[in-house]
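# Structural characterization, general
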Amino acid sequence: MYEILNNIFGNQAVAWIIAAALPLFVFILPFALFAVWLERKVSAHMQDRLGPMRVGWHGVLQTIADILKLIQKEDIIPAEADKKLFNLAPILVFAGSYAAFAAIPFSSKYIGSNAEVGIFYIIAVSSFVVAGILMGGWASNNKYALLGAMRSAAQIVSYEIPSAIVILTMVMLTGTLSLDKFSQIQTAYFWNWFILGGPGDGLTKFLLIPFMIIGFTILYISTLAEVNRTPFDIPEAESELVAGYHTEYSGMKFAMFFLAEYGNMFAVSAVITLLFFGGYQSPFGYLGNSFNIPWLVPIEQVFWFTFKGIIFVFVQMWLRWTLPRLRVDQLMHVCWKFLIPYSFVNLIIVGIITLFR
Amino acid sequence: MNGLKQYFKDTWLGIWTVLVGMKVTFKHLFVPAVTIQYPDVRVKLPERARNRLYVNMDDCIGCDQCARACPVSCIEIETVKAVPGEDLGTTSNGKKKALWVTKFDIDIAKCCYCQLCVFPCPTECIYMTDVYEFSEYERQNLVYKFATLTEAEVEEKKKNFEKFTAEKEAQKAAARQNSSASATAKAKAEQKPEQPKTE
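We now turn to the structure provided with this report. Since we're looking at a predicted model, the values are computed, not measured.

Moving on to the environment of Glu133(B). Residue and element names in this part refer to chain B. Note that glutamate 133 resides in the loop between β4 (126-128) and β5 (143-145). With a relative accessible area of 39%, glutamate 133 lands in the partly exposed category. Setting aside anything within four residues of it in sequence, one finds glutamate 133 in contact with Tyr38 and Arg42.

In structure tokens, the structure reads:
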């Protein structure tokens, strides 16, 4: 992408800025606006309510109105807060979730950075969020914020282990860390997706299926915990901790935490899509290929990628309105006593199967 | 070995119960909403719903029975008697009005919506309406004034009545003076012959 922009503008600095700002304005902001609206509608309909109905058709413009309100709000910094860290924390959290988008391939033609270590990079930068949350909780000088931040740190650090092991399993299976290659391996039909054993045929493909499903389930649960969503939302447990680590934040800084949360939701859904559900590949082949219109293929890929991502975001919301919040000890119990052993065993079994491929 | 069996059982149960819950919530996604779009759509009120009070002043005879029935004293009524010659008309059920209602205030903020004021009304002029949206920024605005007379008219009626009573008093006083004068005269006349008796 950067090369194309560099060719268009003939100026490296301009190309850099545009390439860096593009995912934010083209994707993350509209997605966050849409996802907040979707969340409210999904929650409302699951509880037999209607949700926002006033602003625009079925309230589609509700979140835009909310953002306008948040922009106008006073930026309150508590007198006893550590001002530097307090101001830095939301930026850091947002930067963490934003940086993950750099390595996500939306289509074969648009990848922020086609790094060879894409998935490794995503694991690394998404842990960045922990530092931001801990910083915000500590700098707020508020017991609820601090408790929320501590819980969040404990949770994210613990749940990174099973998710990293599952990702390791997939890396072992494919022999690549590049997310673009992950997508290319799972060529354009759904039976080539890794959830259905990956490309190729033979016994190993069918042997892999149950272990892929286990791996997917573990990864889904642990990434759900990493983005602090219900049933793992104990860092911001409303009934216990007011709002958790962002208790003291208001206005745009709060909006940045919010944006980061929804950005992260999509980022982890994208990782799951890339690892198990064919990445940007269409499940049924491309219209562009069958009608011989080459430029249509990348557009279809963007569509399928966002579609799959939004499906997983929807499932995250669905789970949120289904399950109650876990207790802290239950949370650790699930992670250390169930997810980690299962993911280890899964890793070993998939390794053995890989030997006979 | 038993522990391991239990472990797998627990895992399966954990996943299974989550899926059961998800099935329930997914079904509810397609259940029509039970809520309504309130200001646009309203639920029909029950027939005997008790909401804001209203007084039809055309029928009010100023009998004060509603004010006396009120358990929270939110109705304040002041009346002035009509002087002879003034025609106040009749109520819709044919009762003749005899009092000018100079003040009929209901403090809705105090009202407890018990409807006890409605039953004693002889002309059925105070009743509950179906209006339930009447919030105000100032509590003072919740005092509803039903009296139809203007201040000037109230003053006039009061003056009329005072004049009338004053006249009446004067007449009475005159009559009393007359009668007392005659009475004293009588008494004196009666006393005179008696006096020597006692002496």
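Turning our eyes to something else, we now look at a nonpolar patch on the surface. All names here are of chain A. Together, Trp57, Val60, Leu61, Ile64, Leu68, Ile71 and Met252 make up a nonpolar patch on the protein surface, roughly 680 Å² of accessible area in all. At 3 residues, helix α3 (residues 62-72) tops the list of elements feeding residues into the nonpolar patch. For isoleucine 71, a relative accessible area of 49% translates into the label partly exposed.

What follows deals with the sheet that holds strand β2 (residues 75-81) of chain B. Note on sheets: strands pair through backbone hydrogen bonds, and any given pair is parallel or antiparallel. All names here are of chain B. Strand order in the open sheet made by the 3 strands is β2-β3-β5, with antiparallel pairing throughout. Whereas interior strands pair on both sides, the edge strands pair on one side only; in this sheet they are β2 and β5. Averaged over all adjacent pairs, the angle separating strand axes in this sheet is 15°, with direction ignored. Of the strand pairs in this sheet, β2 and strand β3 (residues 99-107) are connected by 7 bridges, and their pairing is antiparallel. By the bridge assignment for β3, glutamate 76 is matched with aspartate 105.

On to the pairing of β3(B), then. Two faces, one strand: in a regular strand the side chains alternate between the faces of the sheet. Residue and element names in this part refer to chain B. Burial runs high along β3: 7 of the 9 residues are buried. Pairing between β3 and β5: 3 bridges, direction antiparallel. Bridge assignment links aspartate 105 to a residue of β5, and that residue is lysine 145.

Here the focus is the interface of chain B and chain A. Taken together, the contact pairs 19 residues of chain B with 19 residues of chain A. Between chain B and chain A, the buried area comes to about 1,700 Å², and carbon and sulfur atoms account for 65% of it. Run the count over chain B and chain A and you get 1 salt bridge. Counting every contact that joins chain B to chain A gives 9 residue pairs in polar contact (both at pLDDT 80 or more). Split into classes, the residues belonging to the side of chain B that touches chain A amount to 11 nonpolar, 6 polar and 2 charged.

A few words now on the packing of helix α4 (residues 83-100) of chain A against helix α11 (residues 251-276) of chain A. Residue and element names in this part refer to chain A. With their axes 9 Å apart at the nearest point, α4 and α11 run at an angle of 20° to one another. In this view, α4 runs roughly parallel relative to α11, as classed from their interaxial angle. At the point where α4 passes α11, the crossing takes the left-handed sense. When α4 is examined against α11, the residues Asn87, Ala89, Pro90, Ile91, Val93, Phe94, Ser97 and Ala100 are found in contact with a partner set consisting of Lys253, Met256, Phe257, Leu259, Ala260, Asn264 and Ala267. In the contact of α4 with α11, the residues fall into 11 nonpolar, 3 polar and 1 charged.

Rules used in this analysis
As a convention, each chain's residues are numbered from 1 in the sequence order in which they are written. Following the order in which they are written, the chains are lettered starting with A and the ligands numbered starting with 1. Local features in this predicted model are restricted to residues of pLDDT 70 or higher, and side-chain atom pairs are both shown and tallied only at a pLDDT of 80 or more, whereas totals for entire chains, interfaces and linings draw on every residue. Just so you know, side-chain values use all the structure's heavy atoms and leave hydrogens and water out. Secondary structure elements are taken from DSSP: a helix is a run of H or I of four residues or more, a strand is a run of E of two residues or more, and numbering for both begins at the N terminus. Only protein chains enter the accessibility calculation, which uses a 1.4 Å probe. A residue is then buried if its area is under 20% of the maximum for its type, exposed if over 50%, and partly exposed in between. Two residues qualify as a contact provided that any one of their heavy atoms is within 4.5 Å of a heavy atom in the partner residue. Only residues whose relative accessible area exceeds 30% and that take part in no salt bridge are eligible for patches, with like-charged residues grouped when within 9 Å of each other and nonpolar side chains (Val, Leu, Ile, Met, Phe, Trp, Tyr) grouped when within 5 Å. Exposure was quantified through the Shrake-Rupley algorithm and a 1.4 Å probe, taking into account, for residues, occlusion by the shown protein chains and nothing else. By definition, a salt bridge exists where a carboxyl oxygen of Asp or Glu is found within 4 Å of a side-chain nitrogen of Lys or Arg. In this analysis, strands are considered paired if DSSP registers two or more bridges between them. The axes used here are C-alpha line fits, helices contributing only the stretch in contact, and every angle between their N-to-C directions lies in the interval 0 to 180 degrees. The term buried area denotes the loss of accessible surface (1.4 Å probe radius) that occurs when two parts are joined, taken as the sum for both partners. Here a polar contact is taken to be a pair of N or O atoms separated by no more than 3.5 Å, where protein atoms must pair a possible hydrogen donor with a possible acceptor and residues adjacent in sequence count only if both atoms sit in side chains. Gly is put with the polar residues, along with every residue not named as nonpolar or charged; the nonpolar set is Ala, Val, Leu, Ile, Met, Phe, Trp, Tyr, Cys and Pro, and the charged set is Asp, Glu, Lys and Arg. Geometric relationships in this document are graded by angle, where less than 35 degrees denotes roughly parallel, more than 145 denotes roughly antiparallel, 65 to 115 denotes roughly perpendicular, and other angles denote oblique. Left-handed describes a crossing in which the near helix is turned anticlockwise from the far one by less than a right angle; the clockwise case is right-handed.

Nothing here speaks to function; it is geometry throughout.
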